[in-house]
Amino acid sequence: MAYDKSIAAFEEAYKVIPGGVDSPVRAFSGVEGTPPFIERGEGGYLFDIDGNRYIDYVQSWGPLIFGHCDAQIEASVIEAVKRGLSFGAPTTVETELAQEIVELFDSIDKVRFVSSGTEAVMSAIRLARGATGRDNILKFTGCYHGHSDSLLVEAGSGLATFGTPSSPGVPADLTKHTLLATYNDIESVQKCFAESPDDIACVIIEPIAGNMGLVPADEEFLKQLRIICTEHGALLIFDEVMSGFRASLTGAQGISSVKPDMVTLGKVIGAGMPVGAFGAKAKIMAHLSPEGPVYQAGTLSGNPVAMAAGLTSLKKLKANPELYVDFTAKATKLMDGFAKAAAAANLPLVTEVRGSMFGFFFSEKAVKNFDDALDNDSDTFAKFHKGMLDKGVYLACSSYETGFICTQISDEMIDETIEIAYEVMANIKG
Ligand code: HOZ
């Protein structure tokens, strides 16, 4: 495949945008080559400015559950745009989207919309601290909750891709309240609570981690976490920015018996427009301004165009719950295909699927936590990624990200992808 125009565009971008990108993972530093610059998407395909076509398993890192340019979502956006881009005043579409979310999630009585997942989690943490009157928070290594200061510690995603534990520019005074535990290891959580029994405002977790690769939490681990939080009066926050509406219609909560006190959402509820949200039972949300004293605000929060896109997307999902059976079948078929291709090439590979989310590591052993994830063979991943890209398959450009199936990915596209994976893996071995 020729990438001449993309290479030139990357060089141009580099001169005026740090690293040539507006989000670090996109720079392709974790893999070989340089990023294709995208011209347009269509269903399950992406087209770059050199005219190359790719089967798209990134889908804008999750939001596009109906693929690119879904006709109904597009129509609702155009209709909303014609009425005005932003008012900074209440609109009924915000209430409608909130009602849909509240109806779906047992753990949510009230929800507030913001403009990104980062903002959702940052605000949820402030609310948890304000509601409990405590300062400490507990997170898990490898879980990524956006780039707000107190959460940018031992996070996955871009930090893992670049091998940085946390970011310069975040004062130690801010992160001293962030306690770290090991994913799927309840003893590490008990240890934190033993050291800080009455000071932990909340435990935040990606119940299906999607930012250290796809690493689901064990059900028993989540149950124990729920018990510990309740015993200590700490709020349990499920960060479902990635897994919400992806792992099931109600995210990880739909496939686990464990219910959180607070939830953060993003991606799919904007259908590709910038949206995040956080919600909880009314008693907790009552601490939020203007009902309560915990301040949080945003001019573009509840933006009418983004709300319209999200509402259409959510209504479509609710009307077609059987989609999740299809997503799981397709993601499983893809991962089984990769596993067989790897076995044929004598490459170690472990895979995971949760609904429309999939992940794989070139690794000998099952991945249960961040250390396991870091043990993956990232050189082999980089070669695999490049080989797939060159043959028209667009996979997440880091072994610490997750892949996504959308409604527009057909069985034929998966068959084609698996065939290519056989070829690419065979060449890696050779
Ligand atoms: N780490 C982000 C997804 N989990 C990457 C987002 C982006 O670069 O757009």
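Residues numbered from 1 in each chain as written. Predicted model: local features only at pLDDT ≥ 70, side-chain atom pairs only at ≥ 80, totals over all residues. Heavy atoms only, no water.

Asker: Explanation requested: the packing of aromatic side chains in the structure shown.
Answerer: By convention here, two paired aromatic rings are described through the distance between centres and the angle between planes. One pass over the structure, following the stated rule, counts 15 aromatic pairs. Here Tyr-57 and Phe-358 contribute two aromatic rings whose centre-to-centre distance is 5.8 Å and whose plane-to-plane angle is 80 degrees, an arrangement assigned as edge-to-face. Note that Tyr-57 is positioned in the loop between β3 (53-56) and α2 (71-83) and Phe-358 in strand β14 (residues 357-361), a separation of 301 residues in sequence. Residue classification places Tyr-57 among the buried residues on the basis of a relative accessible area of 0%. Three or more aromatic residues joined by ring pairs make a cluster, and in this case those are Phe-338, Phe-360, Phe-362, Phe-381 and Phe-384. One residue, Arg-53, lies across the ring of Tyr-45, its end atom 4.0 Å from the ring centre. Its guanidinium or amino end placed over the ring of Phe-66, Lys-316 lies 4.6 Å from that ring's centre, counting from NZ or CZ. (Phe/Tyr/Trp six-rings, centres within 6.5 Å; stacked < 30°, edge-to-face > 60°. Helix = DSSP H or I, 4+ residues; strand = E, 2+ residues; numbered from the N terminus. Buried < 20%, exposed > 50% of the residue type's maximum accessible area, 1.4 Å probe, protein only. Lys NZ or Arg CZ within 6 Å of the ring centre and 35° of its normal.)

Asker: Got a minute to help me understand the sheet that holds strand β5 (residues 136-140) in this structure?
Answerer: The seven strands are arranged β4-β12-β11-β10-β7-β5-β6 in an open sheet whose pairing can be described as mixed. The open sheet has two free edges, formed respectively by β4 (110-114) and β6 (178-181), since each of these has just one partner strand. In this sheet, adjacent strand axes meet at a mean angle of 20 degrees when their direction is disregarded. In this sheet, β6 lies alongside β5 in parallel orientation, the contact comprising four bridges. (Pairing = 2+ DSSP bridges. Axes fitted to C-alpha atoms, helices over the stretch in contact; angles between N-to-C directions.)

Asker: Honestly, the environment of Ser-399 in this entry has me stumped. Any pointers?
Answerer: Relative to the assigned elements, Ser-399 resides in the loop between β15 (393-394) and β16 (403-404). Separated by 39 residues in the primary sequence, Ser-399 and Phe-360 place their C-alpha atoms 7.8 Å from one another. Not counting the four nearest positions on each side in its chain, Ser-399 is found in contact with Gly-213, Phe-361, Asn-376, Ser-378 and Phe-381. A distance of 3.5 Å separates polar atoms of two side chains, one belonging to Ser-399 and the other to Asn-376. (Contact = heavy atoms within 4.5 Å. Polar contact = N/O pair within 3.5 Å; in protein donor to acceptor, adjacent residues only side chain to side chain.)

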